[in-house]
Amino acid sequence: MTLRILDATAADASRHLPELGDMLAACVHAGGSLGFMQPLPSEQAVAYWHREVLPELEAGRRCLQVAELEGRWLGSVQILLGMPANQPHRCELAKMMVHPSAWRQGIGRHLLQAALDTARQHGRRLITLDTRQGDASEYLYRSMGFEIGGVIPGYALNADGAAWHATTYMYRQLQEVSAAECSEQAIGRGDHPVSMQS
């Protein structure tokens, strides 16, 4: 089976809204810490992509990369580019998720590598994120060069509402980029699919 990591446009995402909504709802149902509570109705999951993600993609303030396996979108990661004016060198990695049916196939690692490449292409030299302390994702990030900036206890509820969890803030330095290069960065590059073996 061949895994492809795609740079998705707003038009691409619009055509795959039901699939994206199903992926988000399935991850929340499986206990993923993505800012939503169980149960997450499918229409609410689709509305998130439609109302919050698509406009940002269209405006060039966000990148969306998806993992496609055998024609299905089974994973995604977002790179937030719309930073404050005094942080043109930084971006944030947000809501990386893999459909539970495709866990333990290395998809998250491929998505993360693609996100790092995209950050570099946009002239960013610092990428930050937060993740639930102790999650498998935290170990993945550390294995790919992210460092822990700090931990905030009792930061958010688990998806089932049963307990509070701590959140780990992490960062990774990328290549050095001058302030001038940051201000001249290109936004809205085209798709560059990468074929990989799952």
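These notes cover the structure that comes with them. All chains use their own residue numbering, which begins from 1 and follows the written sequence. Thresholds applied to this predicted model are a pLDDT of at least 70 for local features of residues and 80 or more for the giving and counting of side-chain atom pairs; totals over whole chains, interfaces and linings are not thresholded and use all residues. Hydrogens and water are ignored here; the side-chain numbers use all heavy atoms of the structure.

## A look at the packing of aromatic side chains
Stacked, tilted and edge-to-face are the three classes assigned to paired rings of Phe, Tyr and Trp, where Trp is represented by its six-membered ring and a pair needs centres within 6.5 Å; plane angles under 30 degrees give stacked, over 60 edge-to-face, the rest tilted. Per the counting criterion, the structure on display carries four aromatic pairs. Ring centres of Phe36 and Tyr48 lie 5.5 Å apart, and the angle between their planes is 80°; on these two criteria the pair is classed as edge-to-face. Here Phe36, found in the loop between helix H2 (17-29) and helix H3 (42-59), pairs with Tyr48, found in helix H3; they are 12 residues apart in sequence, far enough to count as distant. Each member of the pair, Phe36 as well as Tyr48, carries the same accessibility label: buried. The helix and strand labels rest on DSSP assignments: H or I over at least four residues marks a helix, E over at least two residues marks a strand, and numbering proceeds from the N terminus. Throughout this description, buried means an accessible area under 20% of the type-specific maximum (1.4 Å probe, protein chains only), exposed means over 50%, and partly exposed covers the range between.

## Points about a nonpolar patch on the surface
Within this analysis, patches are made of residues with over 30% relative accessible area and no salt bridge. Like charges are joined at 9 Å or less; nonpolar side chains (Val, Leu, Ile, Met, Phe, Trp, Tyr) at 5 Å or less. Accessible surface area values rest on a Shrake-Rupley calculation with a 1.4 Å probe, where residue burial reflects the displayed protein chains alone. The salt bridge definition used is simple: a Lys or Arg side-chain nitrogen within 4 Å of an Asp or Glu carboxyl oxygen. A cluster of nonpolar side chains, contributed by Met37, Leu157 and Trp164, occupies part of the molecular surface with about 320 Å² of accessible area. For Leu157, the position within the fold is in strand E6 (residues 147-157).

## Considerations on the pairing of strand E1 (residues 2-8)
In terms of residue burial, E1 counts as a mostly covered element, since five of its seven residues are buried. For E1 and strand E2 (residues 62-69), the ladder comprises six bridges, and the chain directions are antiparallel. In the strand pairing of E2, Ile5 is matched with Ala67. Pairing between strands is defined by DSSP: at least two bridges between the two strands are required.

## Considerations on the pairing of E6
Here E6 runs beside strand E7 (residues 164-173); their pairing, made up of seven bridges, is antiparallel. Pairing of Ile148 across the sheet is with Met170, part of E7. Here E6 folds back onto E7 in antiparallel fashion, the turn holding six residues, of which Gly161 has a positive phi close to 75°.

## Brief notes about the packing of H2 against H3
Axes here mean lines fitted to C-alpha atoms, for a helix over just the part in contact, with angles spanning 0 to 180 degrees between N-to-C directions. At a minimum axis separation of 7 Å, H2 and H3 run at an interaxial angle of 115°. The orientation of H2 relative to H3 falls into the category roughly perpendicular. In this structure, H2 meets H3 at a crossing whose hand is right-handed. Contacts from Leu17, Pro18, Leu20, Gly21, Leu24 and Ala25 of H2 reach H3 at Ala45, Val46, Tyr48, Trp49, His50 and Leu54. Of the residues assigned to the contact of H2 with H3, the class counts are 10 nonpolar, two polar and no charged. Each angle is binned into one of four classes, with values under 35 degrees roughly parallel, values over 145 roughly antiparallel, values of 65 to 115 roughly perpendicular, and all other values oblique. Each crossing gets its hand from how the near helix is turned against the far one by less than a right angle, where anticlockwise is left-handed and clockwise is right-handed. Two residues form a contact once any of their heavy atoms are found within 4.5 Å. Ten residue types, Ala, Val, Leu, Ile, Met, Phe, Trp, Tyr, Cys and Pro, are classed as nonpolar, four, Asp, Glu, Lys and Arg, as charged, and the remainder, Gly among them, as polar.

## Describing the pattern of salt bridges
Enumeration over the complete set of coordinates arrives at six salt bridges. For Arg15, the salt bridge goes to Asp12, with nearest N and O atoms at 2.5 Å. Of the two residues, Arg15 and Asp12 are both situated in helix H1 (residues 10-15); the distance of three residues between them amounts to about one turn of the helix. Judged by relative accessible area, which is 58%, Arg15 ranks as exposed. Close ionic contact of Glu56 with Arg61 constitutes a salt bridge, the shortest N to O distance being 2.8 Å. Taking relative accessible area as the criterion, Arg61 reaches 39% and is therefore assigned partly exposed.

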